[in-house]
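In case you want the letters, here they are:
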Amino acid sequence: MPEKSSKGKGKNATLWQGRFQGSMATSMEKLSVSLDFDRKLFREDIEGSLAHALGLKAAGVLSAAELRKMQDGLKRVMADLEAGKDLFEPGDEDIHMAVERILTQRIGPLGKKLHTGRSRNDQVATDLKLYVRRRAQALEALVTELQKAIYRKAIAYQKDLMPGYTHVQQAQPVYIAHYLLSFFFALERDKARLRHACDAAAEMPLGSGALAGSAFPYKRELVAKALGFPALSSNSIDATAHRDWALEFLSAMAILGAALSGYAEDFVLWSTQEFGYIELGEAYTSGSSMMPQKRNPDSMELIRGKTGRLLGNFTRLFTVVKGLPHAYDRDLQEDKEGVFDSVETLELTLTVMAEAMDSLRFKTDVIAAKMHPGMLATDLADYLVGKDVPFRDAHHIVGRMIAKAESLKVSFLDLPASEWDAIPDGKDFRKRLTFAYSAERRGIQGGTGSASVRGQLAKARRLLKLK
Ligand code: ARG
């Protein structure tokens, strides 16, 4: 005989005990319980109930005195949970049932009126939407803090050049600030995605009931206003069945994680002995338990590694919702943990990235010494274009010079004067052909030239609302 839970009898009676004769199997109870993780929603759940009670009062289900008593009871439960009191009991299946049980034990039979016209289906969707909206905004603020750190660093390295890479091959010289600002502007789109996820969760589900809508003259507008939802769901099945808005949030978080990961990878690479371009603050590195000389960029590796769970959480919910019958199915209980995990992961990684960014030092002398003159080949070809040589021919001429230089094991700038004869005023131009010259030719809006970098910094300042 499978073991039976004590739930369903006595003090731990379930909320649906009227319909059932026996109790849940212990194994099934373990599968069913979500309190371990959905207790994180206690604030949203109690706020939802406070607003729901207002709606019930307006519907004539609660008297003014009952509303006050219920509000008072709910607020005390909130205060106790905020204070870290453990009010939960083993029989509590989820946060919704736990709060209702605690409330009813405290204020008596009135507590049993709270769930009128409400189902846990619209309740849980409301709770999670509140959570998503708040955390999306909080993450956006953390991204802004990271952008501020990037901005400060870009200001500090406005005049220093570094190799710009494609395929991890030195390509063309860029200002360090230009490189850093590429991170800044990518994050601007991440913030837009987070805002969009917040907007996608803008419609309040309460009033939808289990799937068909509440049968009481419940004032949804009043409830939505109390909770800060800008809109009401238009359809009660849509409101209880769908999690696309959570998926959108998870997607925005995964994409943000991928951006952090890409820059983390650059910083890992650049702190190797082979590159030696940067030094991360000691507080964001760690040593080896065996090799005394090591200082590893663990902060960046961990940020890079966290991308796995961010994408995993997105995939996890996507897989759950694919092909679900409508409306609510219990599978949807699986929507929460991934969202919590991604939020908590990013709160940490964004904070570390911002702090590490402040601690970052570019070793400009090492960088300058590693810059390869080959990065100026395009500028020489461009110069020939100015002398009316078609670009494809110019590319060919310079390509031959590079090949020759390689065979002589010198930089193309150091080829014998005879090799520069093919270039009109070549001797003179060779002297002007510097990394700064190359960068400054690219003052085009969005390019790496100082004029453009100044423009980008001004735009960043405006976006950050800095003076
Ligand atoms: N714990 C459930 C969840 O997270 C609450 C909704 C349960 N609804 C139901 N009809 N069993 O989705």
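Residues numbered from 1 in each chain as written. Predicted model: local features only at pLDDT ≥ 70, side-chain atom pairs only at ≥ 80, totals over all residues. Heavy atoms only, no water.

**Re the overall build of the protein**
Helix and strand counts for the protein come out as 19 helices and 6 strands. Taking 23 Å as the expected radius of gyration for a compact globule of 467 residues, we find that the protein reaches 31 Å, considerably beyond that expectation. C-alpha atoms of the protein, sized along the principal axes, occupy 100 × 50 × 45 Å. When each of the 467 residues of the protein is scored for burial, the buried share is 49%. Pairs at least 24 apart in sequence give 73% of the contacts found in the protein among residues at least 6 apart. Accessible surface, the protein: about 22,700 Å² in total, of which carbon and sulfur atoms supply 55%. (Helix = DSSP H or I, 4+ residues; strand = E, 2+ residues; numbered from the N terminus. Rg over C-alpha atoms; globule rule 2.2 N^0.38 Å. Buried < 20%, exposed > 50% of the residue type's maximum accessible area, 1.4 Å probe, protein only. Contact = heavy atoms within 4.5 Å. Areas by Shrake-Rupley, 256 points an atom, 1.4 Å probe, with all protein chains shown as cover.)

**Observations concerning the packing of helix α15 (residues 377-386) against helix α16 (residues 391-408)**
Between α15 and α16, the least distance of the axes is 8 Å, while the angle of their chain directions is 135°. Classified by the angle their axes make, α15 and α16 are oblique. The element α15 and its partner α16 pack so that their crossing is right-handed. Of α16, the residues touching α15 (which contributes Ala377, Leu380, Ala381, Asp382, Leu384 and Val385) are Phe391, Ala394, His395, Ile397, Val398, Met401 and Ile402. (Axes fitted to C-alpha atoms, helices over the stretch in contact; angles between N-to-C directions. Parallel < 35°, antiparallel > 145°, perpendicular 65-115°, else oblique. Left-handed = near helix turned anticlockwise from the far one by under 90°.)

**With respect to the packing of helix α10 (residues 244-270) against helix α12 (residues 307-321)**
The relative placement of two packed helices is expressed as an angle between their axes plus a distance between the axes. Contact pair α10 / α12: the axes reach a minimum separation of 8 Å and the direction vectors enclose 160°. Our classification of the angle between α10 and α12 gives roughly antiparallel. The two elements α10 and α12 meet at a crossing, and its hand is left-handed. Judged by residue contacts, Ala246, Leu247, Leu250, Ser251, Met253, Ala254, Gly257, Ala258 and Ser261 of α10 engage Thr307, Leu310, Leu311, Asn313, Phe314, Leu317, Phe318 and Val321 from α12. Within the contact of α10 with α12, the residues separate by chemical class into 12 nonpolar, 5 polar and no charged. (Nonpolar A, V, L, I, M, F, W, Y, C, P; charged D, E, K, R; others polar.)

**What to know about the site of the ligand**
As a matter of local geometry, the ligand sits amid Ser34, Asp94, His96, Arg120, Asn121, Val124, Tyr328, Arg330, Gln333 and Lys336. In this structure, a nitrogen atom belonging to the ligand sits 2.9 Å away from a side-chain N or O atom of Asp94. If the ligand stood free it would expose 340 Å²; the protein chains cover 86% of that surface. The dominant element in the shell around the ligand, judged by the number of residues it contributes, is helix α6 (residues 120-156), at 3 residues. Of the residues that constitute the shell around the ligand, the class distribution is 2 nonpolar, 4 polar and 4 charged. (Near = heavy atom within 4 Å. Polar contact = N/O pair within 3.5 Å; in protein donor to acceptor, adjacent residues only side chain to side chain.)

**With respect to the packing of aromatic side chains**
For the structure on display, the rule yields 14 aromatic pairs. Ring centres 5.1 Å apart and planes at 70° place the aromatic pair Phe184 and Phe185 in the edge-to-face group. Here Tyr383 and Phe429 contribute two aromatic rings whose centre-to-centre distance is 3.8 Å and whose plane-to-plane angle is 10°, an arrangement assigned as stacked. Taken together, the residues span a long stretch of sequence, with Tyr383 in helix α15 and Phe429 in helix α17 (residues 426-432) at a distance of 46 residues. On the basis of relative accessibility, which here comes to 11%, the residue Tyr383 falls in the buried class. Since its relative accessible area comes to 0%, Phe429 is described here as buried. (Phe/Tyr/Trp six-rings, centres within 6.5 Å; stacked < 30°, edge-to-face > 60°.)

**Side note on the pairing of strand β2 (residues 169-175)**
In this structure, strand β1 (residues 161-166) lies alongside β2, joined through 6 bridges in antiparallel fashion. Across the sheet, the residue bridging to Leu161 is Tyr175, located in β2. Where β1 folds back onto β2 in an antiparallel hairpin, the turn is made up of 2 residues, including His167, whose phi is positive at roughly 55°. (Pairing = 2+ DSSP bridges.)

**Focus: the environment of Tyr151**
Here Tyr151 lies in helix α6. Separated by 191 residues in the primary sequence, Tyr151 and Ser342 place their C-alpha atoms 26 Å from one another. Once you skip the residues sitting within four places of it in the chain, Tyr151 turns out to touch Leu457, Ala460, Arg461, Leu464 and Leu466.

**A few points about the pattern of salt bridges**
Inspection of every chain in the model, using the stated rule, returns 32 salt bridges. Ionic pairing is found between Arg193 and Asp190, a salt bridge with its closest N-O pair at 3.1 Å. In this pair, Arg193 and Asp190 both sit in helix α7 (residues 176-200), 3 residues apart, roughly one turn of the helix. Asp190 sits in the buried class, given a relative accessible area of 2%. Two residues, Asp335 and Arg243, come together in a salt bridge whose shortest N-O distance is 2.6 Å. (Salt bridge = Lys/Arg side-chain N within 4 Å of Asp/Glu carboxyl O.)

By themselves, these figures tell us nothing about what the structure is for.
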